[in-house]
Amino acid sequence: MPADLSTLAPLMKEDYGVGLKNQLADECPMVDLFEREDNATWEGREHVEAIHVNRNRGTYYSAEGGAQPTAGNQQVENFRIPIRYLHGGIRITTQLIKASKSNKGSFARGMQLEMDRLLDDLRVQRLFAIWLDGRGVRALLNGDPGTGTTYTLDGPGGVAGPDHGNRFLNVGDQIAVVDPATGQLRAGGTRRVTARAAGGTTVTVSAAIDTATADNDFVVKAYGADASVALSNTEWQHPPMGMLGLVDDGTFVNTYFGLSRTAFPILNSTIITGVGGMSADIIQRAADVTLQVGNAKTAYLLMHPDTRRAYLTIMEQDRRYSDAASRSKPDAGTAAFKGGYTSGLTFGDCPIMTDPHCPFGFLFGFDNRSAVRYVMSDGEWADEDGAVLRAATAVDTWDATYRIYENFALLRPNQSFRLSGVST
């Protein structure tokens, strides 16, 4: 028998590539649309902003010798903006630190990898929050799950709709279920997601589901495995305010930083629902209304890639190959094909930004002149005792915690608009 690669396999070396190749999407460009406010003072966990909500209405055209108007006054109210706390933690063993301290032993330093990648993971967590409404809802239960180990889901992010209900859940997540009628946790504690269906409709969990769960319950993340988890140890009502609440008319968030949008309709954004087929006219109509009610200057159009495709279809029949070079080498694509959050597409010279975390079929017209990110901690490793790594008790492991304390606000929500129900 001749010697071959099979018989001499133990003799052969393996040629490993250099470094670790990241497979995960972890950019967070939406944060850059908000102006950072570092000088906010937090009293009782809230920052207070004075806002002007009505003019002095004691004005009118009078007749000669007519009565003077009844004196009026400017109306000022307060936004009360709470701070929100985002944490991430790592735990590593001393053995891992020592075994991965050189290129010979590992593709990347174990400690550095865990610390650097945690920051990227937190950026993705922020993207989930910045598009939604501050409740922390990952999905809705689609039907009573019974007592098996499979949740059927719809309404990703708490937005009604049948598509891709599991899009904000991943294998390894610890989740709990909230009763939408009471805002309280269902019995049974947390469950760990062990599988996520590619079809988008289900997740499998680590233990049998409690009988108390019901159709349209809210699925939220929780801190860990806990059969009697407390509501305060879940994400329910703990994320910062996101786009669905910032650009809204009370559909998702009626009490906006302490003020009722019903009582103060000046806080309502322009909302057009059930759009159907995309058209330039409906985008212009929304922009015109925000100009009337808020003196808006739309700076960005924000949408999911599915909505961008719908936008591209309205120009499909108008595209032409205009010169010899393009006729000899036609290109059916657009600048959007190259990908990225910004791809050079515009509407009336207004840049179009896309984000895969944006709700399906939504388009936001965003005037960011009043968009503020209030920062207590812009991102730091906890080191009050002088060390980032803290030795765990009775075991040879080390813990570290990274934190971001912030919230987002639109101080003039009537300057932005939202379209929903775009056919995509």
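As the structure is a prediction and not an experimental result, all values here were calculated from the model.

Peer 1: Tell me what's going on with the overall build of the protein, and back it up with residues and numbers.
Peer 2: Helices and strands together make up the secondary structure of the protein, namely six helices and 21 strands. Residue burial in the protein is summarised as follows: out of 424 residues, 43% are buried. Sequence-distant contacts, at least 24 apart, represent 72% of the contacts inside the protein between residues at least 6 apart. Summing over all exposed atoms, the protein offers an accessible surface of approximately 22,700 Å²; the carbon and sulfur share of this is 51%.

Peer 1: Please provide a residue-by-residue account of the pattern of salt bridges, values included.
Peer 2: Enumeration over the complete set of coordinates arrives at 18 salt bridges. The shortest N-O distance in the salt bridge between E46 and R80 comes to 3.9 Å. Within this pair, whereas E46 is found in strand 2 (residues 46–54), its partner R80 is found in strand 3 (residues 75–82), the two being separated by 34 residues in sequence. By relative accessible area, R80 is classed as partly exposed at 41%.

Peer 1: I'd love a proper account of the nonpolar core, names of residues and values included.
Peer 2: Among the nonpolar cores identified, the biggest contains 43 residues, and F34, W131, M243 and L246 are the most heavily contacted of them. At the level of secondary structure, the elements contributing two or more residues to this core comprise strand 2, strand 3, helix 2 (110–131), helix 3 (243–246), strand 17 (363–366), strand 18 (371–381) and strand 20 (397–410). Residue contributions to this core peak at five residues, all from helix 2. Leave out the neighbours within four places in its chain, and M243 touches M30, F34, I130, W131, L132, L302, F364 and F366. Grouped together as the second largest cluster of nonpolar side chains are 19 residues, I272, A310, F347 and L363 included.

Peer 1: Account for the packing of aromatic side chains, with residues named and values stated.
Peer 2: For the structure on display, the rule yields 12 aromatic pairs. When the ring of F79 is compared with that of Y256, the centres are 5.3 Å apart and the planes differ by 85°; the resulting orientation is edge-to-face. In this pair, F79 sits in strand 3 while Y256 sits in strand 11 (residues 255–256), placing the two residues 177 residues apart along the sequence. When sorted by exposure, F79 lands in the same class as Y256, which is buried. Lying over the aromatic face of F218, R135 brings its terminal NZ or CZ to 5.1 Å of the ring centre. Across the ring face of Y256, the terminal group of R261 is positioned such that the distance to the ring centre comes to 4.2 Å.

Peer 1: Which residues make up the layout of surface pockets, and what values go with them?
Peer 2: Of the voids in this model, the second largest pocket is the one considered here, and its volume is about 420 Å³. For the lining of the second largest pocket, the elements supplying multiple residues, two or more each, are strand 2 and helix 4 (280–294). Considering every element that reaches the lining of the second largest pocket, the biggest residue donor is strand 2, with four residues. Classifying every residue of the lining of the second largest pocket by side-chain character gives nine nonpolar, six polar and three charged.

Peer 1: I'd like a rundown of the pairing of strand 6 (residues 150–154), residues and numbers included.
Peer 2: Of the pairings in the sheet, the one linking strand 5 (residues 139–141) to strand 6 comprises two bridges and is antiparallel in character. Its bridge partner lying in strand 6, L140 is registered against D154.

Peer 1: Could you give me a rundown of the pairing of strand 9 (residues 202–205), with the residues and numbers involved?
Peer 2: Bridge count for strand 6 against strand 9 is three bridges, and the pairing is antiparallel. Bridge pairing in strand 9 places T150 opposite T204. Here three bridges tie strand 8 (residues 191–196) to strand 9, and the two strands are oriented antiparallel to one another. Across the sheet, the residue bridging to R196 is V203, located in strand 9. Two successive antiparallel strands, strand 8 and strand 9, enclose a turn made up of five residues, where G200 displays a positive phi of approximately 95°.

Peer 1: A description of the confidence of the model for the protein should follow, citing residues and the corresponding values.
Peer 2: With 85% of its residues at a pLDDT of 70 or more, the protein shows a mean pLDDT of 86. The spread of mean pLDDT over the elements of the protein runs between helix 6 (residues 324–328), the lowest at 58, and strand 21 (residues 417–419), the highest at 98.

How each quantity is defined
The written sequence of each chain sets the order in which its residues are numbered from 1. Reporting in this predicted model follows two pLDDT cut-offs: at least 70 for local features of residues, and 80 or more for side-chain atom pairs to be given and counted; totals over whole chains, interfaces and linings ignore these cut-offs and use all residues. Only hydrogens and water are set aside when side-chain values are computed; all heavy atoms of the structure are taken into account. Each helix is a run of DSSP H or I of at least 4 residues and each strand a run of E of at least 2, with the numbering of both proceeding from the N terminus. For the exposure calls, accessible area comes from a 1.4 Å probe over protein chains only, and a residue counts as buried if that area is under 20% of its type's maximum, exposed if over 50%, partly exposed in between. By the convention used here, residues are in contact when the closest approach between their heavy atoms is within 4.5 Å. All accessible areas in this document rest on Shrake-Rupley with a 1.4 Å probe, and a residue is counted as covered only by the protein chains that are shown. What makes a salt bridge here is a side-chain nitrogen of Lys or Arg within 4 Å of a carboxyl oxygen of Asp or Glu, nothing more. For the purposes of this section, nonpolar cores are sets of buried Ala, Val, Leu, Ile, Met, Phe, Trp, Tyr and Cys residues that join through side-chain atoms within 4.5 Å. What counts as a ring pair is set by centres within 6.5 Å for rings of Phe, Tyr and Trp (its six-membered ring), and what kind of pair is set by the plane angle: stacked under 30 degrees, edge-to-face over 60, tilted for all other angles. Counted as over-ring charges are cases with an Arg CZ or a Lys NZ within 6 Å of the ring centre that also lie within 35 degrees of the ring normal. Two kinds of site are reported from a 1 Å grid over the protein atoms alone, namely cavities, where a 1.4 Å probe fits but cannot get out, and pockets, open sets with protein on both sides within 12 Å along at least five of seven lines, and residues are called lining when an atom falls within 4 Å of a point. Grid points are joined across faces, edges and corners, and a volume is the space filled by probe spheres set on the points. Residues are sorted three ways: Asp, Glu, Lys and Arg are charged, Ala, Val, Leu, Ile, Met, Phe, Trp, Tyr, Cys and Pro are nonpolar, and all the rest, Gly among them, are polar. In this analysis, strands are considered paired if DSSP registers two or more bridges between them. Looking at any residue, its pLDDT shows the predictor's confidence there, from 0 to 100.

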